[in-house]
Amino acid sequence: MSASTLVSEWAPVNEETLTTLLLALRRWEPFDGCALLGDIGDVLDDVTPSEGEAEVLAERLRGRLTHLVDLALKARAAEDDEASHLILRARTVLNEHAPMDHRRAVGHLRRMAWAANELLERLGALRRLKEYA
């Protein structure tokens with residue numbers, strides 16, 4: 001069977017499935033480990049981020065940590081006990097609501113940064129990320 005035959009025989013399941021797939025492709029962003037490390041550095045810096053900075057950092061870090069957890073799961077890193085523990089810790093901090101008090105919100109942000117940093121390091125040690133392979 002030739003490639004042209006396969007293409008001509010393929011038919012989408014339905015319009016809704018194609019629309020969902022197209023939207024997912026448009027939202028997809030490749031993992032950027034350097035940007036994650038930059039955010040981790042900004043959060044864990046000696047200078048406490050202002051309220052506005054903390055909100056922006058929290059939103060970015062939340063997205064990047066979620067992406068990292070997804071990559072860890074797809075790479076089957078949870079088979080490693082330490083990585084499994086770090087994935088659980090990352091999910092726990094991601095599910096917590098950020099406190100309204102700025103000081104406590106920064107504490108939550110820093111827990112999120114530590115979770116991201118440690119999971120990133122473990123995935124690198126396990127050689128589960130191309131950037132570390």
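Structural notes, computed from the coordinates. On a predicted model such as this, the values are computed, not experimentally measured, just so you know.

### Re a nonpolar patch on the surface
Working step 1: Taken together, Leu18, Leu21 and Leu25 make up a surface patch of nonpolar side chains, about 280 Å² in accessible area.
Working step 2: We classify Leu25 as exposed; its relative accessible area is 57%.

### With respect to the packing of helix 3 (residues 33-44) against helix 4 (residues 51-74)
Working note: a packed helix pair is described by the angle between its axes plus the distance between those axes.
Working step 1: The geometry of helix 3 relative to helix 4 is characterised by a closest axis approach of 10 Å and an angle of 135° between their N-to-C directions. In terms of their interaxial angle, helix 3 and helix 4 are classed as oblique. Seen along the crossing, helix 3 lies across helix 4 with a hand that is left-handed. Contacts between helix 3 and helix 4 involve Ala35, Leu36, Asp39, Ile40, Asp42 and Val43 on the former and, on the latter, Leu57, Arg60, Leu61, Arg64 and Leu68.
Working step 2: Tallied by class, residues from the contact of helix 3 with helix 4 come to 7 nonpolar, no polar and 4 charged.

About the criteria used
- Residues numbered from 1 in each chain as written.
- Predicted model: local features only at pLDDT ≥ 70, side-chain atom pairs only at ≥ 80, totals over all residues.
- Heavy atoms only, no water.
- Patch = residues over 30% accessible without salt bridge, like charges linked within 9 Å, V, L, I, M, F, W, Y side chains within 5 Å.
- Areas by Shrake-Rupley, 256 points an atom, 1.4 Å probe, with all protein chains shown as cover.
- Salt bridge = Lys/Arg side-chain N within 4 Å of Asp/Glu carboxyl O.
- Buried < 20%, exposed > 50% of the residue type's maximum accessible area, 1.4 Å probe, protein only.
- Axes fitted to C-alpha atoms, helices over the stretch in contact; angles between N-to-C directions.
- Helix = DSSP H or I, 4+ residues; strand = E, 2+ residues; numbered from the N terminus.
- Parallel < 35°, antiparallel > 145°, perpendicular 65-115°, else oblique.
- Left-handed = near helix turned anticlockwise from the far one by under 90°.
- Contact = heavy atoms within 4.5 Å.
- Nonpolar A, V, L, I, M, F, W, Y, C, P; charged D, E, K, R; others polar.

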